[in-house]
Amino acid sequence: MNANGRGAPLGLVGAYAQDVAEADRRLEAGDLRGSAQYLWKALAIAFHRGVHFDRTGSPLAADPAGFVEPFRLSTAARAMAAPRGRAVPAARGPVEDRPARLLIVTGGNTNFVGEIEARYADDEGFEVRHLDLEEDPELAVRTAGGITVMIENALGGRPEFGAALEAALRPHLDWADTVFIDWC
């Protein structure tokens, strides 16, 4: 830790930077799964709650550019986060003769959405649905592969995963005018 106790713990950035570099090497070699595994490992280390929430300060807040630099410079991280455009055209906006449709999506942790959900559920101008990805039988199976599979798909692998996830989510997305995603 630096002298004021708010910076990154000693060696943290270097530790996840090594995993990011390995993710880049694996991507260059065509090993999408290996690249995804190392990129997820780096992200899990860099953004662990003990580093940002269980302390009085966050190294991300103290030095945002320095903290994320390994990811910003990474071929694998840039490929994972690259815009892909729309697979389907954008839906039209809310229809005026019905309430606005709000879809709240969670991933098992609903600790922070109760007040939001209650506020809009009590408003006649809104129709609210809550989709918990861990409780939905179809989506729980799709997301059970974990974040590594999602990253691998974003890197260009596992197209069957992306297609199955799209098919499972599409009815929910087609229903909603607005999607609020919390802690997924």
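Residues numbered from 1 in each chain as written. Predicted model: local features only at pLDDT ≥ 70, side-chain atom pairs only at ≥ 80, totals over all residues. Heavy atoms only, no water.

Things to note about the pattern of salt bridges
- Using the criterion set out here, one finds 13 salt bridges in the structure.
- Its salt-bridge partner being Arg26, residue Asp31 comes within 3.3 Å of it at the nearest N-O pair.
- The salt bridge partner of Glu69 is Arg72, with a shortest N-O separation of 3.7 Å. Here the residue Glu69 and the residue Arg72 both occupy positions in helix H5 (residues 64–73), the gap between them amounting to three residues, near one helical turn.
- Taking relative accessible area as the criterion, Arg72 reaches 47% and is therefore assigned partly exposed.
- When salt bridges with common partners are traced through the structure, they connect Glu22, Arg25, Arg26 and Asp31 into a single cluster. (Salt bridge = Lys/Arg side-chain N within 4 Å of Asp/Glu carboxyl O. Helix = DSSP H or I, 4+ residues; strand = E, 2+ residues; numbered from the N terminus. Buried < 20%, exposed > 50% of the residue type's maximum accessible area, 1.4 Å probe, protein only.)

Some details on a nonpolar patch on the surface
- A contiguous nonpolar patch, built from Trp40, Ile147 and Met150 and spanning about 240 Å² of accessible area, is present on the exposed surface.
- Note that Met150 resides in helix H9 (residues 146–154). (Patch = residues over 30% accessible without salt bridge, like charges linked within 9 Å, V, L, I, M, F, W, Y side chains within 5 Å. Areas by Shrake-Rupley, 256 points an atom, 1.4 Å probe, with all protein chains shown as cover.)

Focus on the side chain of Glu22
- Position of Glu22 among the secondary structure elements: in helix H1 (residues 12–28).
- Here the side chain of Glu22 touches Arg26 through a polar contact of 2.8 Å, side chain to side chain. (Polar contact = N/O pair within 3.5 Å; in protein donor to acceptor, adjacent residues only side chain to side chain.)

Here's the deal with the sheet that holds strand E2 (residues 126–132)
- Read from one edge to the other, the open sheet built from three strands follows the order E2-E1-E3, with strand pairing classed as parallel. Of all strands in the sheet, those bounded by a partner on one side alone are E2 and strand E3 (178–182). For this sheet, the mean angle separating the axes of adjacent strands, direction not counted, is 20°.
- Sheet contacts for helix H7 (residues 114–121): strand E1 (100–106), E2 and E3; angle to E2, the most-contacted strand, approximately 150°.
- Together, E1, E2 and E3 form the strand contacts of helix H10 (residues 159–175), whose direction differs from that of E2 by roughly 165°. (Pairing = 2+ DSSP bridges. Axes fitted to C-alpha atoms, helices over the stretch in contact; angles between N-to-C directions. Contact = heavy atoms within 4.5 Å.)

Some details on the nonpolar core
- Ranked by size, the top nonpolar core spans 17 residues in total, and within it Tyr16, Leu39, Phe71 and Ile151 carry the most contacts.
- Residue assignment for this core shows that the elements contributing at least two residues are H1, helix H2 (32–46), H5 and helix H6 (75–81).
- Once residues within four sequence positions are removed from consideration, Phe71 is found in contact with Tyr16, Val20, Leu39, Ala42, Leu43, Ala46, Phe47 and Ala77.
- Counting residues in each nonpolar core, the second largest holds 11 residues, with Leu103, Leu131, Leu139 and Ala176 among its members. (Core = buried A, V, L, I, M, F, W, Y, C linked by side-chain atoms within 4.5 Å.)

Overview of H5
- All of the buried residues in H5 are Phe67, Pro70 and Phe71. Considered in projection along H5, the buried side chains sweep an arc of 100° and stay on one side of the axis.
- Looking at the buried side of H5, the elements it contacts are H1, H2, helix H3 (49–52), helix H4 (59–62) and H6. (Arc of directions from axis to C-beta.)

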